[in-house]
Amino acid sequence: VPQVEMVLASRPPLKTTDLALDGKAIMQILSIPPGRQVGELTRALLDHVLEFPFENTPEKLTQWLSRAKT
């Protein structure tokens, strides 16, 4: 239980609007147009930061996107 309290106190991202990057940033970073892929990547980023909340920074998410693209 203390670990759960610690995570909740750190205010982890619980929805896509809590992410450090939005859809517009994802499109710019990956040079992709609006569409389903942006939504899929946004949800994948949310899944990632739910597991690793400390990585919800523009730099870390950009790195994650770069790795996911390859």
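Cut-off values and rules
Residues numbered from 1 in each chain as written. Predicted model: local features only at pLDDT ≥ 70, side-chain atom pairs only at ≥ 80, totals over all residues. Heavy atoms only, no water. Buried < 20%, exposed > 50% of the residue type's maximum accessible area, 1.4 Å probe, protein only. Helix = DSSP H or I, 4+ residues; strand = E, 2+ residues; numbered from the N terminus. Arc of directions from axis to C-beta. Contact = heavy atoms within 4.5 Å. Axes fitted to C-alpha atoms, helices over the stretch in contact; angles between N-to-C directions. Parallel < 35°, antiparallel > 145°, perpendicular 65-115°, else oblique. Nonpolar A, V, L, I, M, F, W, Y, C, P; charged D, E, K, R; others polar. Salt bridge = Lys/Arg side-chain N within 4 Å of Asp/Glu carboxyl O.

With that settled, the discussion passes to helix H2 (residues 23-30). Listed as buried for H2 are Ala 25, Ile 26 and Leu 30. Here the buried residues of H2 occupy an arc of 115° about the axis, which is enough to place them on one side. Every exposed residue of H2 that faces more than 90 degrees away from the buried side is listed here: Lys 24 and Gln 28. Packing partners of the buried residues in H2 comprise helix H3 (36-51) and helix H4 (58-69). Ser 31 sits one or two residues past H2 and shows a positive phi near 55°.

In this section: the packing of H2 against H3. Contact geometry for H2 and H3: axes closest at 10 Å, N-to-C directions at 105°. Classified by the angle their axes make, H2 and H3 are roughly perpendicular. Counting all contacts with H2, which are made through Gly 23, Ile 26, Met 27 and Leu 30, the residues of H3 involved are Val 38, Leu 41, Thr 42 and Leu 45. Along the lines of polarity and charge, the residues of the contact of H2 with H3 split into 6 nonpolar, 2 polar and no charged.

Before going further, it helps to examine the pattern of salt bridges. Within the structure shown, the criterion is met by 2 salt bridges. With a shortest N-O distance of 3.5 Å, Lys 15 and Asp 18 are connected by a salt bridge. We classify Lys 15 as partly exposed; its relative accessible area is 48%. Judged by its relative accessible area of 29%, Asp 18 falls in the partly exposed class. The closest approach of N and O atoms between Arg 36 and Glu 40, which form a salt bridge, is 3.1 Å. One end of the pair is Arg 36 and the other is Glu 40, both in helix H3 and 4 residues apart, which spans about a single turn. The class for Arg 36 is exposed, based on a relative accessible area of 69%.

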